[in-house]
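Okay, here's what each chain looks like letter by letter:
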There are 2 protein chains.
Amino acid sequence: MLDLIRSLAVDNTTKVVLLSLDGLGGLPRPETGRSELETARLPHLSALATDAACGLIRHVAPGITPGSGPGHLGLFGYDPLAFQVGRGVLEALGIEFDLRTGDLAARGNFCTVDAAGLITDRRAGRISTELSVKLVERLKTIRLPGVEVLVEPVKEHRFVLVLRGVGASGRLSETDPQALGKPPLPVRALEPAAARAAELINAFVDEARRCLADAAPANMVLLRGFDQLPELPRFPEVYALRAAAIAAYPMYRGLAKLVGMDVLKTGGTFADELSTLREHWQAYDFFFVHYKDTDKAGEDGDFEAKVQALERFDSFLPTVRDLGPDVLVVTGDHSTPSVLAAHGWQPVPALVWSRYCGADPVSTFTERGCAGGTLGLLPAHHLMPIVMANALRLTKFGA
Amino acid sequence: MLDLIRSLAVDNTTKVVLLSLDGLGGLPRPETGRSELETARLPHLSALATDAACGLIRHVAPGITPGSGPGHLGLFGYDPLAFQVGRGVLEALGIEFDLRTGDLAARGNFCTVDAAGLITDRRAGRISTELSVKLVERLKTIRLPGVEVLVEPVKEHRFVLVLRGVGASGRLSETDPQALGKPPLPVRALEPAAARAAELINAFVDEARRCLADAAPANMVLLRGFDQLPELPRFPEVYALRAAAIAAYPMYRGLAKLVGMDVLKTGGTFADELSTLREHWQAYDFFFVHYKDTDKAGEDGDFEAKVQALERFDSFLPTVRDLGPDVLVVTGDHSTPSVLAAHGWQPVPALVWSRYCGADPVSTFTERGCAGGTLGLLPAHHLMPIVMANALRLTKFGA
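Keep in mind that this is a model prediction, so the values were computed, not measured.

Peer 1: It is not clear to me how the sheet that holds strand E8 (residues 243-246) of chain B should be interpreted in this structure. Could you clarify?
Peer 2: Strands belonging to one sheet form pairs held by backbone hydrogen bonds; the direction of such a pair is parallel or antiparallel. All names here are of chain B. Taken in spatial order, the 8 strands line up as E9-E8-E10-E1-E11-E12-E2-E13 in an open sheet, and their pairing is mixed. Looking at which strands have only one partner, the edges of the open sheet turn out to be strand E9 (262-263) and strand E13 (376-379). Across the face of the sheet, helix H3 (residues 43-51) comes into contact with strand E2 (53-58), strand E11 (327-331) and strand E12 (348-353) while running at roughly 65° to E12. Against the sheet, helix H12 (residues 303-322) touches strand E1 (16-21), strand E10 (286-291), E11 and E12, its axis set at about 175° to E1.

Set out below in structure tokens:
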């Protein structure tokens, strides 16, 4: 599909804005029978939906709850099942670590082991980020032959480990036995080319044990999700678009960078993001703009807060429309229903507005409303071709 | 999918008519907010839609604008991405050239080169068809060793070149550099088996240069879209149907022939086509009937003319129903919205009527109306299995 798009992409002067509301989709609250989107007052979204083509987006596969990584890769047009990104890499992207080709990344966490070396707490009592930062300083002193050892704190007991210069393969088993009363496992190479990586990681773990010996409860480490930076087709080349990402949170900047978008410097609020959008309006053809508040409220299980986050977003919509994009897309990377207080598998409302989108009967941007739209139930990675078509940036297939 | 259908197809006496309205789908006109289908008075189509299963057809993939070739292959049940037909072959089909297995076809056009051999006009000032016919006579005098050289004029500066007996592969690069100020490129074999074809084509181009030397502005040729006749599963065998095509335009006759339908002789109007349908009613099980006017009006950007073309078609519908087909299908090969004045990527309304189609809530044959139908958003090549089922011509899968 990406090859097909690449072969049909043509230049134009049209501008595209993709607004991604993190965790957009929701579920009815039992008390009212109405979802967050059905409860919120969203006059600008309703008006836009009336003029737009609407539908529901399925990001990975039926019943599958997407993480933010696959969720956004889908929106960018990459089938998340075909382009898998390891958790070590996602963790590194989440702290905006400058991950390079060949780096081997892992999710690390401090844990507690007893005198016999058996695990008694897989998260070291969730030590404070402050303490974690100090212990990471110790890990940074570890030296291994022929590679650079990079360690960065994340939050509480979590950190990222990166070995730079490790070689062609980092396909390794994990050290976390996922159970108490067992020792951390040595890693094993899952293919012959990963043998050196396995040796190095086991050496790192030995050194870590040594230098954390007096640091109980955080006296040992567990390493998971080993992976290297995947080679993804570059978004600006596939679509022949100058593409920019505007996101206050590092994870989403990292995902955009992963596919080759320019990541613009911006402030911490959505208002800041929209200022950044306005400032760079001339310099790019495509803008990915990320709105985080919806997901945060959903993850907290705070129905009212999610309703308010949606209404706040709605109040910003005219600011975007005033810029005069040729194609405006509103959707999300996954649902986060407040009643679940977690990511959900439910398809996510989506709308595509342009002069040529072809209106449909949908006039409310809700889960139920969008189910009757002309976009139908759309795999996420089919969205970008539709966006490209609406931007008149795809030529005809066949004579 | 075709193998599955072939294995399940059974005989019956039922008759199927597939009415393909070229460029059927449209878009709302900004002034009224209504599309061509929503503007036209279509009493017979509305009545049929009320009794039929309706939906929207997507011919190639989301966002992809189909050419007439892929558009019709999809309607015939062939996934257009799996069965790609080169542009040279489509151009040859478009003039009803009797293309045979092993023929190598290319789209040719006359161009202008300066004294240094650099291109100054890629279309030779769009010379008249009359002049083109004369210059093609010169090209017809070219002789090459071991192959037959066939050249036929198309329209204005365009012609078709066919080398007969060229061998197994015609995978060649193009001679058009797609830019002015450059010389035409020699063709290169894209696989070893195409080496002889490359040599022959380059020899043809040298000869063409020589015999057009005094014919400025049409003093050189460009060749593109090299391809050989693809081997497609034969429609009458896959579906176990005696199948006939009725089309006034050569391109659609060519496409029908490509899949092995009998192409019936007919006149230049839709009324002629329907007379042909009536005459051959007993002799066939399946009729593909093509209606061109909708596309022509859409390509001209003439909204009113497209509305009228739709109304004219509607007035003919009773003539078809009077024949008593068991399954009647109305759809198109792609959309041609008047506001685009070109083929569009928008899904195309479709209806399938039979005693067993299962009516749905749709009572208007429009883009918006069909969005709510039970056929859903259907890949074009899934239509024929549904048609076959409605004709009671498919047996059960599994016991």
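That shown, we press on.
Peer 1: Is there a simple way to think about the relation of the copies chain B and chain A in this case?
Peer 2: Comparison of the two chain copies shows a relationship of rotation about an axis with a shift along it. In screw terms, the move from chain B to chain A is a rotation of 120° and a rise of 0.5 Å along the axis, fitting with an RMSD of 0.1 Å. Both copies of the chain, as the preceding transformation shows, are related through a three-fold rotation axis. No C-alpha of chain B lies nearer the rotation axis than that of Gly372(B), which sits 3.8 Å from it.

Peer 1: Honestly, helix H5 (residues 87-94) of chain A in this entry has me stumped. Any pointers?
Peer 2: Structurally, the α-helix is built with 3.6 residues per turn, so residues lying three or four positions apart point the same way. All names here are of chain A. Burial runs high along H5: 6 of the 8 residues are buried. Turning to H5, its buried residues are Gly88, Val89, Leu90, Glu91, Ala92 and Leu93. Packed against the buried residues of H5 are helix H4 (68-75), strand E3 (104-113), strand E6 (158-164), strand E7 (220-228) and helix H9 (250-258). Note on H5: the residue one or two positions beyond its end, Glu96, has a positive phi of about 55°.

Peer 1: Got a minute to help me understand the interface of chain B and chain A in this structure?
Peer 2: When the parts come together, some accessible area is lost, and that loss is often what is quoted as the size of the interface. Residue-level contacts link 29 residues of chain B with 25 residues of chain A. Carbon and sulfur atoms supply 70% of the area that chain B and chain A bury against each other, a total of about 2100 Å² over both sides. When the buried surface of chain B facing chain A is broken down by residue, Pro62(B), Trp345(B) and Arg368(B) rank first, second and third, together holding 25% of it. Seen at the junction of chain B and chain A, the total is 0 salt bridges. At the level of secondary structure, the elements contributing two or more residues to the side of chain B that touches chain A comprise E2, helix H4 (68-75), helix H5 (87-94) and helix H13 (367-370) of chain B. Counting residues per element, the side of chain B that touches chain A draws most heavily on H4(B), at 3 residues. Grouping the constituent residues of the side of chain B that touches chain A by class yields 17 nonpolar, 8 polar and 4 charged.

Peer 1: Can you help me understand the nonpolar core in this one?
Peer 2: In globular proteins that are soluble, nonpolar side chains generally tend to be buried together. If you look at the biggest cluster of nonpolar residues, it comprises 64 residues, and the most contacted ones within it are Phe235(A), Tyr239(A), Met261(A), Phe286(A), Phe288(A) and Ile64(B). Per-element tally for this core: the top contributor is helix H14 (residues 383-390) of chain A, with 6 residues. Not counting residues within four places of it along the chain, the set of residues in contact with Met261(A) comprises Phe76(A), Phe235(A), Ala243(A), Ala244(A), Ala245(A), Ala256(A), Phe286(A) and Phe288(A). Grouped together as the second largest cluster of nonpolar side chains are 52 residues, Ala9(B), Tyr239(B), Ala380(B) and Val387(B) included.

Peer 1: Mind showing me how you'd approach the sheet that holds strand E8 (residues 243-246) of chain A here?
Peer 2: Residues and elements named next belong to chain A. Pairing within the open sheet is mixed, and its 8 strands lie in the order E9-E8-E10-E1-E11-E12-E2-E13. Each end of this open sheet is capped by a strand with a single partner; those strands are strand E9 (262-263) and strand E13 (376-379). As paired elements, E8 and E9 share 2 bridges and run parallel to each other. In the strand pairing of E9, Ala244 is matched with Asp262. Packing of helix H10 (residues 270-279) onto the sheet brings it into contact with strand E1 (16-21), E8 and strand E10 (286-291), and relative to E10 it is tilted by some 175°.

Peer 1: I would appreciate a short explanation of the packing of aromatic side chains in the present structure.
Peer 2: A ring pair, where both rings are aromatic, is described by two values, the distance of the centres and the angle of the planes. Scanning all chains against the criterion turns up 25 aromatic pairs over all chains. Ring geometry for Phe76(A) against Phe235(A): centres 6.1 Å apart, planes inclined by 75°, an arrangement best described as edge-to-face. Note that Phe76(A) is positioned in the loop between H4 and H5 and Phe235(A) in helix H8 (residues 235-239), a separation of 159 residues in sequence. Residues Phe76(A) and Phe235(A) agree in their burial class; the two are buried. Where Tyr284(B) meets Phe287(B), the ring centres are 6.0 Å apart and the plane angle is 70°; that geometry is what we call edge-to-face. Phe287(B) shares its class with Tyr284(B); the two are buried.

Peer 1: Explain a nonpolar patch on the surface here, please?
Peer 2: On the surface, Met1(B), Leu4(B) and Phe397(B) cluster together into a nonpolar patch covering about 340 Å² of accessible area. Of note, Leu4(B) is situated in helix H1 (residues 2-8).

Peer 1: Can you walk me through the pairing of E10(A) in this structure?
Peer 2: Residue and element names in this part refer to chain A. The element E10 is largely enclosed, with a buried count of 6 among its 6 residues. Burial along E10 is two-sided: Phe286, Phe288 and His290 facing one way and Phe287, Val289 and Tyr291 facing the other are all buried. Bridging between E1 and E10 involves 6 bridges; their strand directions are parallel. The residue bridging Ser20 from the neighbouring strand is His290, located in E10.

Cut-off values and rules
Residues numbered from 1 in each chain as written. Chains lettered and ligands numbered in written order. Predicted model: local features only at pLDDT ≥ 70, side-chain atom pairs only at ≥ 80, totals over all residues. Heavy atoms only, no water. Pairing = 2+ DSSP bridges. Helix = DSSP H or I, 4+ residues; strand = E, 2+ residues; numbered from the N terminus. Contact = heavy atoms within 4.5 Å. Axes fitted to C-alpha atoms, helices over the stretch in contact; angles between N-to-C directions. Least-squares fit on C-alpha atoms with pLDDT ≥ 70 in both. Buried < 20%, exposed > 50% of the residue type's maximum accessible area, 1.4 Å probe, protein only. Buried area = accessible area lost by both parts, 1.4 Å probe. Salt bridge = Lys/Arg side-chain N within 4 Å of Asp/Glu carboxyl O. Nonpolar A, V, L, I, M, F, W, Y, C, P; charged D, E, K, R; others polar. Core = buried A, V, L, I, M, F, W, Y, C linked by side-chain atoms within 4.5 Å. Phe/Tyr/Trp six-rings, centres within 6.5 Å; stacked < 30°, edge-to-face > 60°. Patch = residues over 30% accessible without salt bridge, like charges linked within 9 Å, V, L, I, M, F, W, Y side chains within 5 Å. Areas by Shrake-Rupley, 256 points an atom, 1.4 Å probe, with all protein chains shown as cover.

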